[in-house]
Amino acid sequence: MRNISDLIEQYLKHMLDDSAGGAVEIQRNDLADKFSCVPSQINYVISTRFTLEKGYMVESKRGGGGYIRIQRVDLPALNSIQLHFEQTIGDCVDQSAAEGIIYQLEEARLVTRREANILRAAVQRETIALKLPQRDEIRARLLKSMLISLLVK
């Protein structure tokens, strides 16, 4: 059985899928009431599962008429994917950022779940058993090479 955070995440993603512009505005308290949870649970889901690394921009306005706006950020066209990854990943990347990029690609359906799992396995710190900064440099080279091989047709 899935936990409340998973349910909230799925609900918000369905809302995003159904929205015309790829963005939704929600009231934190209304969503908390819908899921019978505290508003801080909504904050937790949004701050951990709707990050820029995972392909989302979040804008929050607090107060009486406050809202949270979540917008999906699309990857650039595939013909510029190599330049995008060179700029995004650079010469070194930590495990968290690498996993965020992989998550974004999987969410955009540019890689399959199986491919994403292979990518994740390759960039784990246990797999690249080197000291920093070498580990982050090797991770960046591996990730860029694998992504370009997968995505450039």
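Residues numbered from 1 in each chain as written. Predicted model: local features only at pLDDT ≥ 70, side-chain atom pairs only at ≥ 80, totals over all residues. Heavy atoms only, no water.

Enquirer: Would you mind going over the sheet that holds strand S2 (residues 56-61) with me for this structure?
Expert: Sheet strands pair via backbone hydrogen bonds, and the direction of the pair is either parallel or antiparallel. Pairing is antiparallel across the open sheet formed by 3 strands, whose spatial order is S1-S3-S2. Single-partner strands in this sheet number two, and they are strand S1 (23-26) and S2. Along the sheet, successive strands turn relative to each other by an average axial angle of 15°, direction set aside. Here 6 bridges tie S2 to strand S3 (residues 67-72), and the two strands are oriented antiparallel to one another. When the bridges of S3 are listed, Tyr56 appears paired with Arg72. (Pairing = 2+ DSSP bridges. Helix = DSSP H or I, 4+ residues; strand = E, 2+ residues; numbered from the N terminus. Axes fitted to C-alpha atoms, helices over the stretch in contact; angles between N-to-C directions.)

Enquirer: Would you mind showing me how to read the nonpolar core here?
Expert: Buried together is how nonpolar side chains tend to be arranged in soluble globular proteins. Counting residues in hydrophobic clusters, the biggest one holds 17 residues, and the most contacted among them are Ile8, Leu12, Leu31, Ile42, Ile46, Phe50 and Ile70. Mapped by element, the contributors of at least two residues to this core are helix H1 (4-18), S1, helix H2 (28-34), helix H3 (39-49) and S3. Residues within four places of Ile42 in sequence aside, it is in contact with Ile8, Arg28, Leu31, Ala32 and Cys37. If you look at the next biggest cluster of nonpolar residues, it comprises 15 residues, including Phe85, Val111, Ala140 and Leu151. (Core = buried A, V, L, I, M, F, W, Y, C linked by side-chain atoms within 4.5 Å. Buried < 20%, exposed > 50% of the residue type's maximum accessible area, 1.4 Å probe, protein only. Contact = heavy atoms within 4.5 Å.)

Enquirer: Looking at this structure, I do not really get helix H5 (residues 95-107). What am I missing?
Expert: For the α-helix, the turn length of 3.6 residues means that residues three or four positions removed from each other point alike. In this model H5 runs 18 Å from its N-terminal to its C-terminal C-alpha over 13 residues, within 8% of the 18 Å that 1.5 Å per residue would give. Of all the residues in H5, the buried ones are Gln95, Ala98, Gly100, Ile101, Ile102, Tyr103, Gln104, Leu105 and Glu106. Where H5 ends, the next residue or the one after it, Arg109, has phi of about 60°, a positive value. (Expected span 1.5 Å × (residues − 1).)

Enquirer: For this particular structure, what's the right way to read the pattern of salt bridges?
Expert: As a working rule, side chains carrying opposite charge can pair if their charged atoms are close by. Under the definition given, this model contains 9 salt bridges. The salt bridge partner of Arg49 is Glu9, with a shortest N-O separation of 2.8 Å. Taken together, the positions of Arg49 in helix H3 and Glu9 in helix H1 put the pair 40 residues apart, joining distant regions of the chain. Take Arg49: its relative accessible area is 16%, and that puts it in the buried class. Take Glu9: its relative accessible area is 10%, and that puts it in the buried class. Residue Glu25 is joined to Arg69 by a salt bridge in which the shortest nitrogen-to-oxygen separation is 3.4 Å. Placement of the pair is Glu25 in strand S1 and Arg69 in strand S3, with a sequence separation of 44 residues. Among the residues examined, Arg69 registers a relative accessible area of 27% and is labelled partly exposed. When salt bridges that share partners are traced, they join Asp6, Glu9, Lys13, Arg49 and Glu107 into one network. (Salt bridge = Lys/Arg side-chain N within 4 Å of Asp/Glu carboxyl O.)

Enquirer: Please clarify how the confidence of the model for the chain should be interpreted in this entry.
Expert: Low-pLDDT stretches of the model should not have their predicted coordinates read in fine detail. Averaged over the chain, the pLDDT score is 87; the fraction of residues at 70 or greater is 90%. Averaged pLDDT values for the elements of the chain fall to 78 in helix H4 (residues 81-89) and rise to 96 in helix H6 (residues 113-123). (pLDDT = per-residue confidence, 0-100.)

Enquirer: I'm lost on the pairing of S3 in this one. Help?
Expert: The side chains of a regular strand alternate between both faces of the sheet. Of the pairings in the sheet, the one linking S1 to S3 comprises 4 bridges and is antiparallel in character. Bridge pairing in S3 places Ala23 opposite Gln71.

Enquirer: How should the packing of aromatic side chains be read in this particular structure?
Expert: The full count for this structure, using the stated rule, is 2 aromatic pairs. Note on Tyr11 and Phe35: the rings are 5.4 Å apart at their centroids and 75° apart in plane angle, and the pair reads as edge-to-face. Residue Tyr11 is located in helix H1, and its partner Phe35 is located in the loop between H2 and H3; the two are separated by 24 residues in the primary sequence. (Phe/Tyr/Trp six-rings, centres within 6.5 Å; stacked < 30°, edge-to-face > 60°.)

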